[in-house]
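Coordinate inspection notes
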Amino acid sequence: TGLRSLKGISAASSLKELHVTGNRIKGTFPDELFALSQSLESLHLGENLFYGSLPTKLGKMTNLQELYAFQNDFLSTIPSELGRLEYLKVLGMYT
């Protein structure tokens, strides 16, 4: 049981917080999240099965204050574009 994908999440255009920790969602970083780049403040993606690189487009999520992406299979490089996130206060990443 649990959530298996974030398909359709882009329709929630005013969403401020998204918590999908521990759902075992599998795939690369969900591109649909970038449709929420102006509204999303808190993104919890921990304990899933995401893999690959963290996209440089994360640097365009201008209101993001918290990003938790721990216990996934993301590659070890954190994109330098995250440095553009002036409101980012929490970055939780570990394996």
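Bear in mind the structure is a predicted one, so any value in this text is a computation, not a measurement.

1. Topic: the pattern of salt bridges
All chains considered together, the criterion is met by two salt bridges. Linking Lys16 and Glu41 is a salt bridge whose minimum nitrogen-to-oxygen distance equals 3.7 Å. Residue Lys16 is found in the segment before β1 (17-19), and its partner Glu41 is found in the loop between β2 (26-27) and β3 (42-44); the two are separated by 25 residues along the sequence. Looking at Glu41, the relative accessible area reads 26%, which means it is partly exposed. Lys57 is paired through a salt bridge with Asp31; the nearest N and O atoms lie 4.0 Å apart. Taken together, the residues Lys57 in the loop between β4 (49-52) and β5 (66-68) and Asp31 in the loop between β2 and β3 connect sequence positions 26 residues apart.

2. A short note on the sheet that holds strand β6 (residues 73-74)
The three strands lie next to each other as β2-β4-β6, forming an open sheet whose pairing is parallel. Sheet topology places β2 and β6 at the edges, where each strand pairs with a single neighbour. Relative to β4, β2 runs parallel, the two sharing two bridges. Looking at β4, one finds that Gly27 is bridged to Phe50.

The rules behind these values
For every chain, the first residue of the written sequence is number 1, and numbering continues from 1 onward in sequence order. Local features in this predicted model are restricted to residues whose pLDDT is 70 or higher, and side-chain atom pairs enter the listing and the counts only when it is 80 or higher, whereas totals over whole chains, interfaces and linings include all residues. Side-chain numbers here rest on the full set of heavy atoms in the structure, without hydrogens or water. Salt bridges are counted wherever a side-chain nitrogen of Lys or Arg sits within 4 Å of a carboxyl oxygen of Asp or Glu. Numbering of helices and strands runs from the N terminus; a helix is a DSSP stretch of H or I covering at least four residues, while a strand is a stretch of E covering at least two. Exposure categories follow from relative accessible area, calculated using a 1.4 Å probe and restricted to protein chains: below 20% of the type maximum is buried, above 50% is exposed, and the middle band is partly exposed. When DSSP locates at least two bridges between a pair of strands, those strands are taken to pair.

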